[in-house]
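# Residue-level structural notes
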Amino acid sequence: MTQRNVDRRQFLQSATLVATAATAATGALAAETKAAGAKGRSRGAQAPGKSGEVHTRRWTEQRWLLDNTIRAVGVDWDQPRSVNYNAPCGPEANADFAAIRQRVQKFADISPAFESTARRREAKAQAAEEAGELVTARANYFMAAVHYAASQWPFDENNEKNVSLNNRKRECYTKYAKLADHRVEAAWIPFQGKALPGWFHLPHGYQGGRIPAVWTIPGMDGFKEANVAMYGDRFLTRGIAVLALEGPGQYESAVLGFRVSVPAWMAAGRAVMDWLAARSEIDSGRIGVAGSSFGSLFGTIAAANEPRYRALAVSATCLEPGCHTIFEEASPTFKKRFMYMSGFTDEDRFDEFSRTLTWEGHAEKIRVPYLCIAGEADELSPLEHAERLFKTLQCPRQLVVYQDSRHSVGNVPSTNLGPTPSVLAADWMNARLSGKPFASERWFVEATGRVAKTAYA
């Protein structure tokens, strides 16, 4: 695949480039208009002007470009979503995602493709459970929950379809939790008179006593059900409990009416700590935060305003104050999705709000160890913003930059030959929660796998 095809930021910045690449790949240009009034389908199939629906200028103007980009590049045009969703499910799900990649030829295909796969997995789980094949049942319930969650992503309003898919996801994951090989329970964290949704996991073989814990925060398009792998999870296998929780505005919390804002995430950090510290299984002095993508910003804000956390590890950064690049220069789905997460349907009002999305005035307060894993060529949040954050931090810190990597931090020689990013983060968190010291350094992982280290003053 050519560089022009894989550089999606440039791909969407230029209408001419997108049209040329897509035409070469598909031999035709076709805008999706037929389903424009259908209720309960994807964003591209909803009638304009409907109450509660989000609209942006770029979505309207570039809608046809998006479909042709998907035809040319596939369902992973904006990020490796099929890879990220496949990983926690394990190799049995490989065929599911291969089929989905073939089926999705336009935006409107995304939700139906994932939903039909979810229904098939749910049926297999039910049949296995009835036959007493409980290991098979739990695996299929887990995969069904992930597929149902993925099928929710194209919806940016709490319509009947989105709520229905959310309910199917919860039911399947609840059934998985009852059959899992480790203790899993629904976690509801009191917040703003309601409760934030999460899943609380204890390591396999937990026999009692107080152990460390990590709150994992997904990104804009991530969800809690995929934050803990069905087998061999990176934190659970190291004896660390995991609270996979969606904070204000993320996925199910958005369905429940919570909205993203900096004050909300400041308050959420305290609420989550209170909940974890009250658990009899958890050592309240050894609780960390791990955030990915927009979870890097949310985690930074949460940890900055709750000093009881003992470590913070973030990756695939969204650290540009105001988030101009991801909202205005990348796929138009990002801005549309975040408007839903923050409760805006008016784009001008959202543009004013987006300027409040910053770590500035918060990161200066962090005193606990901070790890940041970033791609040198991050197309959604340029590296310069992570570098500036690290000049601001007044705590022990480690910035790890992977040569040639884009936002997702993977699938390049530096991540394949150097330290594996997810393993590095897990080992780092385990060491910090164990109280081990480390040097404040900037690491640059070269394409050869060699790590060049520079000390921070």
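Scroll up to find the structure this text is about.
I will try to describe carefully the structure that is included in this document.

Conventions and cut-offs
Residue numbers here run from 1 along each chain, matching the order of that chain's written sequence. At least 70 in pLDDT is required for a residue's local features to be given in this predicted model, at least 80 for side-chain atom pairs to be given and counted, and no such filter applies to totals for whole chains, interfaces and linings, which use all residues. Derived side-chain values reflect all non-hydrogen atoms in the structure, with water molecules and hydrogen atoms excluded from consideration. Segments assigned H or I by DSSP are reported as helices when at least four residues long, segments assigned E as strands when at least two residues long, and all are numbered from the N terminus. Multiplying 1.5 Å by the helix residue count minus one yields the expected span of that helix. Each residue gets one of three labels from its accessible area relative to the maximum for its type: buried under 20%, exposed over 50%, partly exposed in between, using a 1.4 Å probe on protein chains only. Any Lys or Arg side-chain nitrogen found within 4 Å of a carboxyl oxygen on Asp or Glu counts as a salt bridge. As used in this structure description, the phrase polar contact means that two N or O atoms lie within 3.5 Å; if the pair is within protein, one of them must be able to donate a hydrogen and the other to accept it, and residues adjacent in sequence are counted only when both atoms belong to side chains. The contact criterion used is simple: two residues touch if any of their non-hydrogen atoms lie within 4.5 Å. In this scheme, strands are said to pair when DSSP sees at least two bridges between them. A crossover gets the label right-handed when its path from the first strand over the helix to the second runs clockwise, viewed with the strands pointing away from the viewer. We define a nonpolar core as any set of buried Ala, Val, Leu, Ile, Met, Phe, Trp, Tyr and Cys residues linked to one another through side-chain atoms lying within 4.5 Å. Here is the rule: rings of Phe, Tyr and Trp (six-membered ring for Trp) pair when centre to centre is within 6.5 Å. Planes less than 30 degrees apart are stacked, more than 60 are edge-to-face, and the remainder are tilted. Distance and angle both matter: a charge sits over a ring if NZ of Lys or CZ of Arg is within 6 Å of the ring centre and within 35 degrees of the ring normal.

### With respect to helix H8 (residues 134-152)
Compared with an ideal rise of 1.5 Å per residue, which puts 19 residues at 27 Å, H8 spans 27 Å between its outermost C-alpha atoms and is within 8% of the ideal. Among the 19 residues of H8, 16 are classified as buried, and the element is accordingly described as predominantly covered.

### Re the pattern of salt bridges
Close approach of charged atoms lets side chains of opposite charge pair. Under the definition given, this model contains 34 salt bridges. With its nearest N and O atoms 2.9 Å apart, the salt bridge here joins Arg308 to Glu306. A salt bridge links Asp351 to Lys335, with the shortest nitrogen-to-oxygen separation between them at 2.8 Å. Residue Asp351 is located in helix H15 (residues 347-354), and its partner Lys335 is located in helix H14 (residues 332-342); the two are separated by 16 residues in the primary sequence. For the pair Asp351 and Lys335, a shared accessibility class is recorded, and that class is buried.

### Observations regarding the side chain of Arg279
Inspection of the secondary structure assignment puts Arg279 in the loop between helix H11 (262-277) and strand E5 (282-292). Since its relative accessible area comes to 14%, Arg279 is described here as buried. Side-chain polar atoms of Arg279 contact the side chain of Glu185, separated by 2.9 Å. Not counting chain neighbours up to four residues away, the residues in contact with Arg279 comprise Arg183, Glu185, Phe200 and Arg210.

### Details of the pairing of strand E7 (residues 370-375)
Burial of E7 is extensive: six of the six residues sit out of reach of the surface. Of the two faces of E7, the one lined by Tyr370, Cys372 and Ala374 and the one lined by Leu371, Ile373 and Gly375 are each fully buried. Summarising the sheet, strand E6 (residues 311-315) and E7 pair through four bridges and their orientation is parallel. Considered in E7, the bridge of Leu312 is made with Tyr370. By the bridge criterion, six bridges tie E7 to strand E8 (residues 397-402) in an arrangement that is parallel. From the neighbouring strand, Ile373 faces E8, where its bridge partner is Val400. Between E7 and its parallel partner E8, the chain crosses via helix H16 (residues 383-392), and the hand of that crossover is right-handed.

### Some remarks on the nonpolar core
Counting residues in hydrophobic clusters, the biggest one holds 73 residues, and the most contacted among them are Trp215, Phe294, Phe338 and Tyr370. Of the residues forming this core, the biggest block, nine residues, is contributed by H11. By size, the runner-up hydrophobic cluster in this structure holds 45 residues, among which are Ile70, Ala128, Met143 and Ala226.

### Considerations on the pairing of E6
Buried residues dominate E6, accounting for four of its five residues. Judged from the five bridges that link them, E5 and E6 form a sheet pairing that is parallel. Opposite Gly291, over in E6, you have Val314 as the bridge partner.

### Some points on the packing of aromatic side chains
According to the stated counting rule, one finds 30 aromatic pairs in the structure shown. On the numbers, 6.0 Å between centres and 70 degrees between planes, the contact of Tyr85 with Phe114 is edge-to-face. Here Phe114 lies in helix H7 (residues 110-130) and Tyr85 lies in helix H5 (residues 81-89), a separation of 29 residues in the sequence. Given a relative accessible area of 1%, Phe114 falls into the buried group. For the pair Phe142 and Tyr173, a centre-to-centre distance of 6.0 Å together with 45 degrees between the ring planes defines the contact as tilted. Here Tyr173 lies in helix H9 (residues 160-179) and Phe142 lies in helix H8, a separation of 31 residues in the sequence. When its relative accessible area of 0% is taken as the criterion, Phe142 is described as buried. In this structure an aromatic cluster arises from ring pairing among Trp215, Trp265, Phe294, Phe298, Tyr309, Phe327, Phe338, Phe344, Phe350 and Phe353. Seen from the ring of Trp153, Arg81 lies directly overhead, with NZ or CZ sitting 4.2 Å from the centre. Over the ring of Phe258 we find Lys194, and its NZ or CZ is 4.5 Å from the ring centre.

In short, shape yes, function no, at least from these values alone.
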